[in-house]
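# Observations on chain architecture
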Amino acid sequence: MDYQQILNDIEIEIQPLFDKGKVADYIPALGEVDAHQFGMSITLFDGSVYSVGAAEKFFSIQSISKVFTFTLALKYLGAELYKRVGREPSGNPFNSLVQLEYENGIPRNPFINAGAIVITDTLISHYKSDSKAFDAILDFIQSIADDTTITMDVVVAISEMEHAYRNLALTNLMKSFDNIDNNAITLVQTYFNHCALEMNTKMLSRSVLFLANHGVDPITNKAYVTKSQAKRINAVMLTCGHYDASGDFAFKVGLPGKSGVGGGIIAVIPQKMGICVWSPALNEQGNSLIGTKALELFTTKTGLSIF
Ligand code: GLN
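Residues numbered from 1 in each chain as written. Predicted model: local features only at pLDDT ≥ 70, side-chain atom pairs only at ≥ 80, totals over all residues. Heavy atoms only, no water.

Right, let's get into the layout of surface pockets. Size it by volume and the largest pocket reaches roughly 260 Å³. Taken together, 15 residues form the lining of the largest pocket, with Lys-22, Leu-282, Asn-283, Glu-284 and Gly-286 sitting closest to its centre. When the residues that make up the lining of the largest pocket are grouped by side-chain class, the tally is seven nonpolar, four polar and four charged. In this model, the second largest pocket occupies a volume close to 220 Å³. Lining the second largest pocket are 18 residues; nearest its centre among them are Ala-29, Leu-30, Val-33, Phe-59 and Ser-60. Secondary-structure elements contributing two or more residues to the lining of the second largest pocket are helix H2 (28-31), strand S3 (59-60) and helix H7 (154-161). Class assignment of the residues belonging to the lining of the second largest pocket gives a composition of 12 nonpolar, three polar and three charged. (1 Å grid on protein atoms, 1.4 Å probe; cavity = no way out; pocket = protein on both sides within 12 Å on 5 of 7 lines; lining within 4 Å. Points joined across faces, edges and corners; volume = space filled by probe spheres on them. Nonpolar A, V, L, I, M, F, W, Y, C, P; charged D, E, K, R; others polar. Helix = DSSP H or I, 4+ residues; strand = E, 2+ residues; numbered from the N terminus.)

Printed below as a string of structure tokens:
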């Protein structure tokens, strides 16, 4: 299959969509990003990489980090985790408060904000401090990406903390139900810090290879999670990775995937490759509009999907 040609064709086909969608401006630092950008990369099991567009350009990974924190928490806490966070699609926006109230402070899944905040809370308890938890998250991401240069964009992290009203509300609501153990402010800051990590599509397509290969990195042979845990992470990505558009993403793309409000989306083709696409303008559910289209074109053109 001529992957390079397919990526080049996709870049041409998405051009008319550039005036659609809107960059996330509820985090002011993200609102300043130029919407007219696109990059896409795939990394195969033998390490070969195909890219198009701004594949080297760093962007804020935002909720993509939730896949990595969920992976870490699952690794250390195992099934105990599901006492505090579920694994069902929420059918609600990523930052919604209503469901949490009537479901007694137990978030539906690890990929909505409330669920990811609980996951970060478990990691702070496990590593015994917020800074150690952050270091462990960063270490893990650097390991799966095989790249020690990954860092946090401090400007984005501060900008989000200055407008943290909703995430603090979610955290405090869960604390009132006894589902948060650590200090709400440092917890939310730690959550923002891992959301503010900067990566590019090349790095991210590389970093999800272990999920395409039953938990074992096919290039370094490092085992990160068990086969069964890898299956579950992919399943939750498929059913919950795009919030209230998860069904639509599965319908159009047919792959486990996870989006972030920075405009990135990662996706996994089991036994074949890791994929990442980035374009900052978002659709109404907060997922990259062009990114979703590019992935739909990719699975259509290659015939590769899980279905
Ligand atoms: N840090 C962002 C927030 O909490 C992450 C949301 C996202 O990427 N969907 O709002």
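What follows picks up the thread again.
Near the ligand you find Tyr-26, Gln-62, Ser-63, Phe-94, Asn-113, Glu-160, Asn-167, Tyr-191, Cys-195, Tyr-243, Gly-260 and Val-261, and these make up its full shell. Gln-62 has a polar side-chain atom sitting 2.6 Å from a nitrogen atom of the ligand. Between Val-261 and the ligand, the recorded distance is 2.8 Å, taken from a backbone N or O atom to an oxygen atom. About the coverage of the ligand: the protein hides 100% of its 290 Å² of free accessible area. Given that more than half its atoms are within 2 Å of the pocket grid, the ligand belongs to the second largest cavity. Partitioning the shell around the ligand into residue classes produces six nonpolar, five polar and one charged. (Near = heavy atom within 4 Å. Polar contact = N/O pair within 3.5 Å; in protein donor to acceptor, adjacent residues only side chain to side chain. Areas by Shrake-Rupley, 256 points an atom, 1.4 Å probe, with all protein chains shown as cover. Sits in = over half its atoms within 2 Å of the grid points.)

Turning next to the sheet that holds strand S5 (residues 197-199). Across the sheet, which stays open at both edges, the three strands sit in the order S3-S5-S4 with antiparallel pairing between neighbours. The open sheet terminates on both sides in strands that have one partner only, identified here as S3 and strand S4 (151-152). Relative to S5, S4 is paired through two bridges, and the arrangement is antiparallel. Residue Thr-151 lies in a different strand from S5, and its bridge partner there is Glu-198. (Pairing = 2+ DSSP bridges.)

By the definition in use, this model includes two cavities of 30 Å³ or more. As for the largest cavity, its lining consists of 14 residues, and the residues nearest its centre are Ser-96, Gln-99, Leu-100, Ile-112 and Ala-114. Mapped by element, the contributors of at least two residues to the lining of the largest cavity are helix H4 (98-102) and helix H5 (113-127). Approximately 40 Å³ is the volume found for the second largest cavity. Around the second largest cavity, the lining residues are Tyr-26, Gln-62, Ser-63, Phe-94, Asn-113, Glu-160, Asn-167, Tyr-191, Cys-195 and Val-261.

Of all six residues in strand S7 (residues 264-269), six are buried; the element is thus mostly enclosed. Two elements, strand S6 (residues 257-259) and S7, share three bridges in a ladder whose sense is antiparallel. Each residue of the ladder has a partner; that of Gly-257, found in S7, is Ala-267. The loop that links S6 with its antiparallel partner S7 comprises four residues; one of these, Gly-263, has a positive phi angle of about 100°. In the sheet, S7 pairs with strand S8 (residues 273-278) via six bridges, with the strands oriented antiparallel. When the bridges of S8 are listed, Ile-269 appears paired with Met-273. What sits between the antiparallel neighbours S7 and S8 is a turn of three residues, in which Gln-271 has the positive phi angle 65°. (Buried < 20%, exposed > 50% of the residue type's maximum accessible area, 1.4 Å probe, protein only.)

Remember, this is a structural readout, not a statement about activity or role.
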